[in-house]
Amino acid sequence: MGSLKRGKVINNVRVFRRTLDMTQEELANKVGVHRQTIISIEKQKYEPAIGVVLTISEVLNKPIEKLFYLEKETND
């Protein structure tokens, strides 16, 4: 049985945060993390723990699937 390859986690946090006219600092305060954490998430440099993902989803009022998804693997 072959192993599953995990694609890169991509997110739309910045897009939905901006549609709410919310700053990174405001989102960080509502989520309970540092602003630098939000910056790292938005730059695809940090994959947050599920608790942070759930809280971001709640604060931005978007389902997790709209905020975070796996980039599809391509078979070359």
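Described in the following lines is the structure provided in the data block.

A count of helices and strands for the protein gives five helices and two strands. When the helices and strands of the protein are read in sequence order from the N terminus, they spell out β-α-α-α-α-α-β. By the burial criterion, 33% of the 76 residues in the protein qualify as buried. Residue pairs at least 24 apart in sequence account for 63% of intrachain contacts in the protein once pairs closer than 6 positions are excluded. Looking at the protein as shown, the accessible area adds up to about 5700 Å², and 49% of this sits on carbon and sulfur atoms.

Let us now look at the nonpolar core. Core analysis: the biggest nonpolar cluster contains 15 residues, and Val-13, Leu-27, Ile-41, Ile-56, Leu-60, Leu-67 and Phe-68 have the highest contact counts within it. Listing elements by their share of this core, those giving two or more residues are helix H1 (13-19), helix H2 (24-31), helix H3 (35-42) and helix H4 (50-60). Take this core: its biggest share by element is four residues, from H4. Every residue in contact with Phe-68, bar those within four places of it in the chain, is listed here: Val-9, Ile-10, Asn-11, Val-13, Ile-41, Pro-48, Val-53 and Ile-56.

Summed over all chains, the structure comprises two salt bridges. Among the ionic pairs, Glu-42 bridges to Arg-17, the shortest N-O distance being 2.6 Å. Placement of the pair is Glu-42 in helix H3 and Arg-17 in helix H1, with a sequence separation of 25 residues. You can call Glu-42 buried: its relative accessible area is 5%.

Taken together, the buried positions of H4 are Val-52, Val-53, Ile-56, Ser-57 and Leu-60. Burial along H4 is one-sided: seen end-on, the buried residues are contained in an arc of 140°. Exposed residues lying more than 90 degrees from the buried face of H4 are Ile-50 and Glu-58. Just downstream of H4, Asn-61 is the residue with a positive phi angle, here 55°.

Bringing the side chain of Asn-11 into the picture now. Counting through the fold element by element, Asn-11 comes out in strand E1 (residues 9-11). Beyond its immediate sequence surroundings of up to four residues, Asn-11 is in contact with Ile-41, Glu-42, Gln-44, Leu-67 and Phe-68.

Conventions adopted
Residues numbered from 1 in each chain as written. Predicted model: local features only at pLDDT ≥ 70, side-chain atom pairs only at ≥ 80, totals over all residues. Heavy atoms only, no water. Helix = DSSP H or I, 4+ residues; strand = E, 2+ residues; numbered from the N terminus. Buried < 20%, exposed > 50% of the residue type's maximum accessible area, 1.4 Å probe, protein only. Contact = heavy atoms within 4.5 Å. Areas by Shrake-Rupley, 256 points an atom, 1.4 Å probe, with all protein chains shown as cover. Core = buried A, V, L, I, M, F, W, Y, C linked by side-chain atoms within 4.5 Å. Salt bridge = Lys/Arg side-chain N within 4 Å of Asp/Glu carboxyl O. Arc of directions from axis to C-beta.

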